[in-house]
Every structure is written in C-alpha cells, then in structure tokens.
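Residues per chain are reported as follows:
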Amino acid sequence: MSAKPIEEPVMPALHLSARFRWIAVAFTLFVATLCQLAPASAGIVAKVDIARQRMTVIVDGNVEAVWAISTARRGYYTPRGIYRPKLLKRMHYSKKYDNSPMPYSVFFKGGYAVHGTYSIKQLGRAASHGCIRLAPSHAAALYQLIRHRGMSDTRVVIG
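Residues numbered from 1 in each chain as written. Predicted model: local features only at pLDDT ≥ 70, side-chain atom pairs only at ≥ 80, totals over all residues. Heavy atoms only, no water.

K.L.:
How should I be thinking about the pairing of strand β6 (residues 101-109) in this particular structure?
P.N.:
Burial within β6 is extensive, with 7 of its 9 residues counted as buried. Judged from the 6 bridges that link them, strand β5 (residues 87-93) and β6 form a sheet pairing that is antiparallel. Residue pairing in the sheet places M91 in a bridge with P103 of β6. Pairing between β6 and strand β7 (residues 112-116): 3 bridges, direction antiparallel. For F107, the partnering residue across the bridge sits in β7 and is A113. Adjacent in sequence and paired antiparallel, β6 and β7 are bridged by 2 residues, among which G110 carries a positive phi angle near 55°. (Buried < 20%, exposed > 50% of the residue type's maximum accessible area, 1.4 Å probe, protein only. Helix = DSSP H or I, 4+ residues; strand = E, 2+ residues; numbered from the N terminus. Pairing = 2+ DSSP bridges.)

If you want it as structure tokens, here you go:
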C-alpha cells in the first residue's frame, strides 16, 4: 500500500495596495502601543469615547463607572491619544475662556483637562472648547480616585 502525499491547501495571493499595507502596519503599531501604555490591569484608566460622548473608568481591570461627558464642539478639538495626568487642581478658573470655573481639574496635556461643569444639560453631546467635561460629582470622584492612587498609576485614553 503506498501512502498518498498530503496536499497543502492553496491560499490565493493577497494583493494589497501600498496604502492599505501602510494603514494596516500603522494600526498594528498603534494597538501595540496602546496595549503597552494602558494595560487593562494598570491602576486607573479613564477611557474617553468621543463618538459616544462617554467616559468609562476602569480600576485594576474592573469597570467602575460609565459617565456622560462633553468634548469639543464644532470648531474646537479634543486631543486624541494616551496621557498621564500632569496636574490636579481642586478648582481652576480658565484664563482663556472668561474665567470659567473648572472644578476638580485633571490636566493631561497643556491646558486640556478632565473637569467638572455646571452645564450638565449639555453632557452627552459635544459642547466644550476641547476639555472633557463631567458632572461635578463624577469629576470629584475621579479627582479623589487619582489623588488617592497617584497620577503615575493613571492613564487618560482618548479616542
């Protein structure tokens, strides 16, 4: 009895455009960086979903809260990326926008911060000049959590 050779399946060649290959490589690198900088088990992760206008707060890999937010309205910009908090201020007043109150500010990039707002009816839709607004009680909870656990154990992931 002679053994029949095992035939390997033939895979069709994929012809990807150079642009698509570049996008695929860039996406892979972005995901690898995201996983490296903000692992699910890392302390505090405040994930900002700009499309849904929601923030998910994850502590030690467990979802602790999901809150309505407001990010940049038309004509303004909320930066995307992964950040560590740089400065915590219990009460800040914006020098750029008419001394507007920014309670429980967590600054993550230059003048950009996650902070409380008294315009709570606008939460859930884009309404800010670029900062990430929360209800004052939610901003206070996030602020206290970061103060307790530390800024180095916190990531703000915006996308």
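More follows now that the structure is in view.
K.L.:
Mind showing me how you'd approach the sheet that holds β5 here?
P.N.:
Whether parallel or antiparallel, the strands of a sheet pair through hydrogen bonds between backbone atoms. Strand order in the open sheet formed by 4 strands is β5-β6-β7-β8, and the pairing between neighbours is mixed. What marks the edges here is a single partner per strand, and that holds for β5 and β8 (132-134). Averaged over all pairs of adjacent strands, the angle between strand axes in this sheet comes to 25°, irrespective of strand direction. Sitting on the sheet, helix α2 (residues 136-149) touches β5, β6, β7 and β8, and the angle it makes with β6 is about 50°. (Axes fitted to C-alpha atoms, helices over the stretch in contact; angles between N-to-C directions. Contact = heavy atoms within 4.5 Å.)

K.L.:
Teacher, can you tell me more about the nonpolar core here?
P.N.:
Inside soluble globular proteins, nonpolar side chains tend to come together where they are buried. Within the largest apolar cluster, 24 residues are counted, with the highest numbers of intra-cluster contacts made by M55, V114, I132, L134, L142 and I158. Mapped by element, the contributors of at least two residues to this core are β1 (44-49), β2 (54-59), β3 (62-68), β6, β8, α2 and β9 (154-158). If one sorts the elements of this core by residue count, α2 sits on top with 5 residues. Here L142 is in contact with M55, V57, W67, V114 and L134, once residues within four sequence places are set aside. (Core = buried A, V, L, I, M, F, W, Y, C linked by side-chain atoms within 4.5 Å.)

K.L.:
Just to check I follow, could you spell out the sheet that holds β9 for this structure?
P.N.:
Reading across from one edge, β3-β2-β1-β9-β4 is the order of the 5 strands in this open sheet, with mixed pairing throughout. Looking along the sheet, the strands with just one partner apiece sit at the ends: β3 and β4 (81-83). Between one strand axis and the next, the sheet turns by 15° as a mean value, whatever way the strands run. Where β1 lies against β2, 6 bridges are found, and the strand directions are antiparallel. Bridge pairing in β2 links D49 to R54. Against the sheet, α2 touches β1, β2, β3 and β9, its axis set at about 30° to β2.

K.L.:
What exactly am I supposed to notice about the environment of S94 here?
P.N.:
Mapped onto the secondary structure, S94 falls in the loop between β5 and β6. Residue classification places S94 among the buried residues on the basis of a relative accessible area of 7%. In this structure the C-alpha to C-alpha distance between S94 and G111, which are 17 residues apart in sequence, comes to 8.9 Å.

K.L.:
Can you help me understand α2 in this one?
P.N.:
For an α-helix the count is 3.6 residues per turn, leaving residues at separations of three or four pointing the same way. For α2, built from 14 residues, the straight-helix expectation of 20 Å at 1.5 Å per residue is met to within 8% by its first-to-last C-alpha distance of 20 Å. Residues of α2 that are buried: A139, A140, L142, Y143 and I146. Down the axis of α2, the smallest arc covering the buried residues is 165°, so these residues share one side. Turned more than 90 degrees off the buried face of α2, the exposed positions are S137 and H148. Looking one or two residues beyond α2, the residue adopting positive phi is G150, at roughly 105°. (Expected span 1.5 Å × (residues − 1). Arc of directions from axis to C-beta.)

K.L.:
Can you walk me through the pattern of salt bridges in this structure?
P.N.:
As a working rule, side chains carrying opposite charge can pair if their charged atoms are close by. Per the stated rule, a full pass over the model turns up 3 salt bridges. R149 is paired through a salt bridge with D60; the nearest N and O atoms lie 2.8 Å apart. Here D60 lies in the loop between β2 and β3 and R149 lies in helix α2, a separation of 89 residues in the sequence. Residue R149 is classed as partly exposed on the basis of its relative accessible area of 28%. Judged by relative accessible area, which is 41%, D60 ranks as partly exposed. A salt bridge links D153 to R149; the shortest N-O distance between them is 3.1 Å. D153 gets classed as partly exposed once you look at its relative accessible area, which sits at 27%. Salt bridges linked by common partners bring D60, R149 and D153 together as one network. (Salt bridge = Lys/Arg side-chain N within 4 Å of Asp/Glu carboxyl O.)

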